Amino acid sequence: MAKSRQHYSSQDSSLSPMAGRYREWEGPSRWTEYLGPDTTSPSTSRSSRYMNSDGQVQSSGGGSHRGLNMQWVGQLVEVADGLMAKMYRLNQILDYPDPIGHAFSEEFWKAGVFPNHPRISILLSKKFPEHFSKLQLERVDKAALDALSDGAEVHLQSLEPWVQLLLDLMAFREQALRLILDLSSTVITLLPHQNSLILHAFMDLFCSFVRVNLLSEKLPRKMMLQVYNLLHAMSRNDRDCDFYHRLVQFIDSYDPPLKGLQEDLNFVSPRIGEVLEAVGPIIFLSTDTRKLRNEGFLSPYHPRYPDILTNSAHPMRAQDLANVTAYREWVLLGYLVCPDELLRVTSIDIALVVLKENLVLTLFRDEYELSHEDYQLYVLPRILESKKMAKSGRTKQKEADLEYSVAKQAEKMIGEVHEQALISCDAIHRERRILLKQEIGRMVLFFTDQPSLLAPNIQMVFSALALAQCEVIWYFQHVGIASSKSKGARIVPVDIDPNDPTIGFLLDGMDHLCCLVRKYIAAIRGYALSYLSSCAGRIRFLLGTPGMVALDLDATLKTLFQQIVQHLENIPKPQGENISAITCDLSDFRKDWLSILMIVTSARSSINIRHLEKATVSTGKEGLLSEGNAAYNWSRYVDELESQLSKHGSLKKLYFYHQHLTAVFRNTMFGPEGRPQHCCSWLGVASSFPECASPIVPEEVTKIGRDAVLYVESLIESIMGGLEGLINILDSEGGFGALEMQLLPEQAAFYLNNASRVSIPSAKSPKGAVVYPLPGHESYPENNNSIKMLEAAMQRLTNLCSVLNDMEPICVLNHVFVLREYMRECILGNFRKRLLAVLKTDNDLQRPSILESLIRRHMNIVHLAEQHISMDLTQGIREVLLSETSGPVSSLHLFDRPAEQHTGSATEVVCNWYIENIVKDMSGAGILFTPMHKCFKSTRPVGGYFAESVTDLEELQAFVRIFGGYGVDRLDKMMKEHTAALLNCIDTSLRSNRELLESVAGSMHSGDRIEREACLKQIVDLDTIIGFCIEAGQALAFDKLLAEAAGAVLEEGAPLIYSLLAGIVKHIPDEIPEKREIRRMRGVANSVALAGDHDSEWVRSILEEVGGANDGSWSLLPYLFASLMTSSIWNTTGFNVDTGGFNNNIHCLARCISAVIAGSEHVRLAREHHQRQLLSNGHVGNGHSLDPDIRVSAEASIKSAMQLFVKFSAGIVLDSWNEANRSHLVAKLIFLDQLSDISPYLPRSSLETHVPYAILRSIYSQYYANSPLIPLALLSASPRHSPAVSLAHASPITRQPRGDSTPQYSANDSSYFKGSSSHSQEHLHDAESGSLRGVENKHRNVRRSGPLDYSSSRKVNYPEGSASGSTGRSPLPRFAVSRSGPISYK
């Protein structure tokens, strides 16, 4: 077999690097991988000159004292952390296998650590410790065995680092046990109040040793060793690896680990029992929340003397409370591996308290053991054994009776405490969290107000931080834990409330305390330096006391004590404000003090701790060791304050529960008891997550950093979602919308009528008397919940904005999260979404006025938030509005914009809706323009509203205010594009029918009626052309309304600019062709309805832009329009007095004819003038000379064309009627009258020649005389629309002012689409109806010919009770020659 590595080419396994490591078992470089090259050698510390590598303190005097190498204790604790990090990583790679139940997932075999041959590997694990040679593996899976043999080298390489981990575990066990034995056998006292520093070092090593071995049980150790040995034998001629048998013995002795731990640690069991009894009082105190609160253990005030602001009542207790978390872990682990120590009376109570409030025993990170199960499996049998032995010896000795009683109590305690813990552990910790929430809250307020008292009470602050840290981590450790009851063996989930708001309060309180400590770190250092300076004098005094002199210290101790005093006396004195600039390294002082402690606590030293206490305590002051220990602790607040703060206040362990963390945050942050200001602390936790990464596992840094960033992003997403939620709550109908409620006029009238009827006893109350909520109803007590909700939402919004604004950036590795920027983007993004969301309702477009109020309401909320944010949100709102209404802001102020530039999406949505549903009527809703009311109306809703609800002047003004001038320009441009397409259709029709139109013109001038009618019949698609013209007229009408709305808004918002434009328009020179600047100015004026003739100017600008009316066929335009009088659409046309228009929008044709003739004539004359200039001058340069008569000739030309149209139209109309078909006559006559009213170029006298005014007067009289609106119509209508009035006051040729040309809007117009008002002697059938604009939508009761019907042969039905059927004499007696109407040409 080919060997993959050089050092395996020899058959001597001693050349293996693992064998080399194995031989270096005791060498100083044994743990280099775990500690780094600089920390393994003792020579790096200054105290090394007093110790050799064996831990001896060298004496320059006569004798030598064997001391304790405390440095090695700390290093072994670090080694333990490294070993657990490696095991944790291997467990992750192997997908958390179950080596006890031999359950391995697919990912386990695909991880690449073990060969993917499960049958052989699992058999080797199950048969451990039997050697593979006795298992006849070839019978189990011959193919797999051959495959293993072929790839032995590759599999060896993948397993080698993890087998090396087993070797490291074995070496750690031996060295740690040796050191634990050395400490327990030589240290005189391990009581917390006498020797706390060495006690903590000893117990840290003890607990680390237990955890390492407990965690190793989660690894497939047996499979790892057996498979490795098999592969090694395959590649080494059946030779076992040289450490195989020792590892077999090690694994077997620790199978399960607790069995081996109890045997190995039996020799230190009594010392552990003493320690646990000594820390019992502190544990009892930490569980007594009432005592903690009443006696002020966590209060800066003195409990008995409130005037004393520095709590000096419990200095040692405060220090011990900071370590209570470690004490609880000591108890859980100590009694687990030293069960005999439970057979003490006090030990049972201590274990009961700790077990009652814990269900899990944390091993490393989020790996844990179920503590109660372990106690029942491994502690209870030892208790029962002791009970049995005590029972058998109870008759012989008296002590056995007590032992039996204690054992029985311990048995009962272990049997019952599990059930108690399942029921009460969450309640215990919840009560403790509430206590800490209150105490830390007071503490934050107190130290914020009195920061000078923070330094004297710093130990109490650390105690509060440590207790809160313990409670928060306990909460997340127990979320989702399921524990099995001992008797029923069924799984019981622990009831942990995921909505507990106290977690947020604790995180926030801890964050505030840590911020206070960091803020006043200079003051704390100054106080500590002052304390150490004063301590130097006290220690020097104690060293000079007679008792100390009598002790006759040896040279080593004398030198160390002198160095201690020198260190303290050389401390720089804080002066003025330069404390923060003082750099002071007191690590040498601490090392020297530890050296003294190592000597005086050793049983081998002639001078021990008791001697020093007796020699110095007689002075009546603190003893020497107490002073030194206090100085040691205060020295850490000088140069290690950050590490101390991290130790007690860091929540980096929460990384391993960050998914639970996110869930609890989402449940509590915006809950009823959540506080927005807590989000800072939830986010700040992530900054410490990368500290969890172990240097032993390099890939952890990347993974943990990535997870921390994702956690922060997830929380920010939740926070911003909550911020949006608060804004949207306020911006809802139940929020500020409820406060904006106003009664409509009809609702107010209803209430007034109801009130007047209630005052009359006999009057019955109308139904639904309390349908509408009255304004102010929220002030009533029964309705104040909504106001409370609003106030709470406003308070939370302002608090959240203030907190996010003031929050420091969150730094996670190289990622920086600035919450202010996220908040700004969130608010503006939400405004953008809200703007687009309210554009449309469930059915269709939102009314502009409602849309404006919704946007203003949302902007008010944003301005409310802006008051608490140090950034300009108003500018952002403007940018959003501009971008959504006008597209990119960069080129908005350029007149020549690129053609491909896109406008905002909101503008696109609204403008497209208006074009498609109002101008084009794509939905077929029967859109009609009503000149009387200056709006569009519809027979059925267009989406959610009738057309008049979105097209009257007030609504269009709201549109202008929302979308501004850019939105108006966009809608105007879209309508111009649409109208340009319609004009192009007219141009096409003129070209295609040019010869026919020329023939029609000739026949009209010659009076040849037969030829004219023959040519008119040959013109194709007249109905299509008239439909296009009507649609163009609708666009003209809508643009005129839009211009008037824009002008009204401009006059209201910028009156000076409006008046300036109005003044300029009057003085713009009339030139043809116009200069570019004048044309632009005229276009601006026309866009705000300040130009003289809006329609013709608008059509003129369209034709100039597209180059229209450039053909000679446009001179035939009047004849084409006159030919439209022969269209069949007139047969279904009826006039409606309620709207001032026709039932199929034919009045828009008049607007189109007037504007297109005028506009095309202007363009034609301008082009002819330009061509004449070119011919006369030869270049364009002099083409701008003024021609004073050109404007006059243009008007004359337009008037001539209009009169030509009227002349031939009237001829066609009057010539085409007959007895069989004259239903169209009245509509056409009214149409011509409306055309003269619309066009400024067609005076009324021009129409009189062709259509006598008396006829029109009689028609209008018949309409208005029987109209229900006659009083209002007669009072407000102009003489031209009401011939009855004009007959008495004006001659037919007198033109009235144009400003009063349309009747005023009537409130009672609910029947505008009932059809034409029929008041003649005949009535139509109900089923007969007319078409709207030539489409198939029918309306009921639409009279096809207005007030006159010339169909004498048609039968007439009078509906019963109909008001339309006339009785009595005809309303037109002058023309009562027959029932056919007022005109008869017999």
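Look up a bit, the structure's there.
The sections below set out a description of the structure shown in this document. (Residues numbered from 1 in each chain as written. Predicted model: local features only at pLDDT ≥ 70, side-chain atom pairs only at ≥ 80, totals over all residues. Heavy atoms only, no water.)

**Side note on the overall build of the protein**
Quick reminder of the rule: Elements are defined by DSSP. Helices are runs of H or I of four residues or more, strands are runs of E of two residues or more, and each kind is numbered from the N terminus. Contact definition: two residues touch when any of their heavy atoms are within 4.5 Å. Every accessible area reported is derived by Shrake-Rupley at a probe size of 1.4 Å, with residue values counting cover from the shown protein chains alone.
Helix and strand counts for the protein come out as 54 helices and 12 strands. Taking as baseline every contact in the protein between residues at least 6 positions apart, the subset at least 24 positions apart corresponds to 76%. Of the roughly 60100 Å² of accessible surface on the protein, a fraction of 53% belongs to carbon and sulfur atoms.

**Section: the packing of helix H24 (residues 555-569) against helix H25 (residues 587-600)**
The criterion, for reference: To get an axis, fit a line to the C-alpha atoms, keeping to the stretch in contact for a helix; angles then go from 0 to 180 degrees between the N-to-C directions. Oblique is the label for any angle not under 35 degrees, not over 145, and not in the 65 to 115 range, which are roughly parallel, roughly antiparallel and roughly perpendicular in turn. We call a crossing left-handed when the near helix sits turned anticlockwise from the far one by less than a right angle, and right-handed when that turn is clockwise. Basically, the charged four are Asp, Glu, Lys and Arg, the nonpolar ten are Ala, Val, Leu, Ile, Met, Phe, Trp, Tyr, Cys and Pro, and anything else, Gly included, counts as polar.
The geometry of H24 relative to H25 is characterised by a closest axis approach of 9 Å and an angle of 150° between their N-to-C directions. As summarised for this structure, H24 and H25 are arranged roughly antiparallel, according to the angle between their axes. In this structure, the crossing between H24 and H25 has a hand that is left-handed. Facing Thr556, Leu557, Leu560, Phe561, Gln563, Ile564, His567 and Leu568 of H24, the residues of H25 in contact are Asp588, Phe589, Asp592, Trp593, Ser595, Ile596, Ile599 and Val600. Of the residues assigned to the contact of H24 with H25, the class counts are 10 nonpolar, four polar and two charged.

**Observations regarding the packing of aromatic side chains**
In plain terms, the rule: Geometry of aromatic contacts follows a simple scheme: Phe, Tyr and Trp rings, the Trp one being its six-membered ring, pair when their centres are within 6.5 Å, and the pair is stacked under 30 degrees between planes, edge-to-face over 60, tilted otherwise. Definition used: whenever NZ (Lys) or CZ (Arg) falls within 6 Å of the ring centre and also within 35 degrees of the ring normal, the charge is taken to sit over that ring.
Applying the stated rule across the entire model yields 34 aromatic pairs. Grouped by ring-pair contacts, the aromatic residues Trp913, Tyr914, Phe929, Phe936, Phe959, Phe963 and Phe1038 constitute a single cluster. The ring of Tyr88 has Arg365 lying over it, and the distance from NZ or CZ to the ring centre is 5.0 Å. The ring of Tyr531 has Arg538 lying over it, and the distance from NZ or CZ to the ring centre is 5.3 Å.

**Examining the pairing of strand S4 (residues 367-370)**
Going by this rule: When accessible area is computed with a 1.4 Å probe and restricted to protein chains, residues below 20% of their type maximum are described as buried, those above 50% as exposed, and intermediate ones as partly exposed. Between any two strands, at least two bridges found by DSSP are needed for them to pair.
The side-chain alternation of S4 yields one buried face, formed by Glu367 and Glu369, and one unburied face, formed by Tyr368 and Leu370. Alignment of strand S3 (residues 360-364) against S4, held across four bridges, turns out to be antiparallel. Along S4, the bridge assignment pairs Leu361 with Glu369. Here S3 folds back onto S4, and the loop between the two strands holds two residues, one of which, Arg365, carries a positive phi near 55°.

**A closer look at helix H42 (residues 1009-1018)**
How we decide: In this description, the arc belongs to the directions extending from the helix axis to the C-beta atoms.
Taken together, the buried positions of H42 are occupied by Arg1012, Cys1015 and Leu1016. The arc enclosing the buried residues of H42, seen along the axis, measures out at 100°, which places them on a common side. Summarising the geometry of H42, the exposed residues directed more than 90 degrees from the buried face are Ile1010 and Lys1017.

**Some words on H25**
Selection criterion: Any helix carries an expected span of 1.5 Å times its number of residues minus one.
For H25, spanning 14 residues, the distance from its first C-alpha to its last is 20 Å, which sits close to the expected 20 Å at 1.5 Å a residue. Among all positions in H25, only Ser587, Phe589, Arg590, Asp592, Trp593, Ser595, Ile596, Leu597, Met598, Ile599 and Val600 are buried.

**Description of the environment of Ala103**
Topologically, Ala103 is positioned in the loop between helix H3 (70-93) and helix H4 (106-110). For the pair Ala103 and Ile122, spaced 19 residues apart in the sequence, the C-alpha separation amounts to 9.2 Å. Beyond its immediate chain neighbours, meaning those up to four positions away, Ala103 contacts Pro97 and Asp98.

**Some thoughts on unusual backbone geometry**
With an omega of 10°, the peptide bond running from Phe128 to Pro129 counts as cis. Tracing the backbone through its elements, the reader meets Pro129 in the loop between helix H5 (118-126) and helix H6 (137-140). In this structure, Leu813 takes a positive phi of about 55° despite not being glycine. Note that Leu813 resides in the loop between strand S7 (810-812) and strand S8 (815-817). The exposure class assigned to Leu813 is partly exposed, which follows from its relative accessible area of 48%.

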